[in-house]
Amino acid sequence: MEHRLISAIEAALGWSGVDELGKGFVRGSMDDPALVSRVLTPNRLLDIAMRRSLNRPQFRCFQKGEEVHPAIYYTDTVSPRGQSMPMVNMRSLGRLLGEGATLILDQANVFDPTMEVTCRALQWWSHERVQVNAYLTTNDASGFPLHWDDHDVVIIQLAGEKEWEVRGTSRKVPMYRDSDPNTTPSEEIVWAGLMRTGDVMHIPRGHWHQATRNGHGSGNSLHVTFGITQRTGASWLAWLADWSREHEIFRHDLDRVQGSGTQALAEAATRLIGERSPAEFLAAYEQATTLPRHVPFLDILGPLDAVVCTTHFPPRIRENGETVEVVASGKKITLAAKAVPALRLLLSGRPVPLEQAAAVVGAEVAEVAEILVEEELCAVLTPELSSGYTGLVTNAVS
């Protein structure tokens, strides 16, 4: 899947692919203002907050360095039948933002089609899970204090400007679950300065950083942070532990007599390590990931006229002579070999209008699309989902 934002990120950071992810701090700038505003604007973020029932901690507000109590900007909307639903009180939120505040929406990809599609494209690019958080800061409000993340981040400044300080690591590649709490910030300042509209920054895992608008007066800043959690050696070992249950020796109780059975266990563990490589783990991780949410297709609501592949990672297409297999999200589907052209189109990650596709790969594309939708590897391209691709991803038959 080719996505304009990913191409712009690579160009801004001087990357030629995903290999530099997590390798070192780097920043640059995109030169397409229209692309920046297409991703998200402050008003679109506020519109998301207005139209949905959001709860803390997914939606939070900070002022003067402290979290604002939700009661100040939340209201329980009560229906005529007495049903209560928490909603953001937009007037109260507006007052906070007018005074100077920072609001945060975690996992904006759950609520916004553009963010959903962008995260999926980044997942196909990085082969890792991605989520995006949005941060809107007004006037001279501060942001989070100095901290580090347990994942790599790509930050895009979408509106206004914000002052950043990025420091080195105090512990190499720290983790969320770790043997060291890693609470002492590094003294090494890697970069400090303003992020302006269109600027892009990559902060690898473990680098300390903070951002603020303190002292910048009136104005606003909107940035999004794409969090990319890469697999580690510890992840591989945890996966091996699951596989160990296949072998009887690992299911036995440990003998409390010192040294008894240790040699046999060590030898069995060595064999298991040789049987299940890190590369096999990475491939299995992609294929085992559960299917994402999407609107189900019901023929009573209308015909299937356009679809798009919505798996978290690119499906694998394996040709086996007279048949072809599709492997994705814990499923394996076998079709006749003549379905290959349709499969490559439908599983490209790009929107596929079926009438146009039939002129390119044949009428069977409609039948193959129905199978992929039934198996939930593809989803019906609703107008809302289609809006997430418009101007960012071309359709598959363009």
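Preceding this paragraph is the structure being described.
What you see is a predicted model; the values in this text were computed from it and never measured.

### Focus: the packing of helix α3 (residues 42-51) against helix α5 (residues 90-99)
Interaxial distance between α3 and α5 falls to 11 Å at its minimum, and their mutual angle equals 145 degrees. In the packing of α3 onto α5, the handedness of the crossing is right-handed. For the pair α3 and α5, contact is made by L46, A49 and M50 and by M90, L93 and L97, respectively. Class assignment of the residues belonging to the contact of α3 with α5 gives a composition of 6 nonpolar, no polar and no charged.

### Let's talk about the pattern of salt bridges
For the structure on display, the rule yields 17 salt bridges. Across the salt bridge formed by R51 and D47, the nearest N and O atoms sit 2.8 Å from each other. Here R51 pairs with D47, and both are found in helix α3, just 4 residues apart, close to one helical turn. Relative accessible area serves as the criterion here: at 57%, R51 is assigned to the exposed category. Given a relative accessible area of 29%, D47 falls into the partly exposed group. Put simply, R60 and D106 hold a salt bridge, and the shortest N to O gap is 2.9 Å.

### Examining the sheet that holds strand β17 (residues 352-353)
Within the open sheet, the 3 strands sit side by side as β17-β13-β18. Their pairing is antiparallel. The strands lining the two open edges of the sheet, one partner per strand, are β17 and β18 (378-380). As paired strands, strand β13 (residues 306-309) and β18 are joined by 3 bridges and run antiparallel to one another. If you follow V308 over to β18, its bridge partner there is A379.

### Considerations on the sheet that holds strand β14 (residues 316-320)
If you walk across this open sheet you meet the 3 strands as β14-β15-β16, and the pairing is antiparallel. Each edge of the open sheet carries a strand with a single partner, namely β14 and β16 (331-336). The average undirected angle you get between the axes of adjacent strands in this sheet is 20 degrees. One ladder, built from 5 bridges, connects β14 with strand β15 (residues 323-328); its direction is antiparallel. Residue pairing across strands places N320 opposite T323, the latter belonging to β15.

What counts, and where the lines are drawn
- Residues numbered from 1 in each chain as written.
- Predicted model: local features only at pLDDT ≥ 70, side-chain atom pairs only at ≥ 80, totals over all residues.
- Heavy atoms only, no water.
- Axes fitted to C-alpha atoms, helices over the stretch in contact; angles between N-to-C directions.
- Helix = DSSP H or I, 4+ residues; strand = E, 2+ residues; numbered from the N terminus.
- Left-handed = near helix turned anticlockwise from the far one by under 90°.
- Contact = heavy atoms within 4.5 Å.
- Nonpolar A, V, L, I, M, F, W, Y, C, P; charged D, E, K, R; others polar.
- Salt bridge = Lys/Arg side-chain N within 4 Å of Asp/Glu carboxyl O.
- Buried < 20%, exposed > 50% of the residue type's maximum accessible area, 1.4 Å probe, protein only.
- Pairing = 2+ DSSP bridges.

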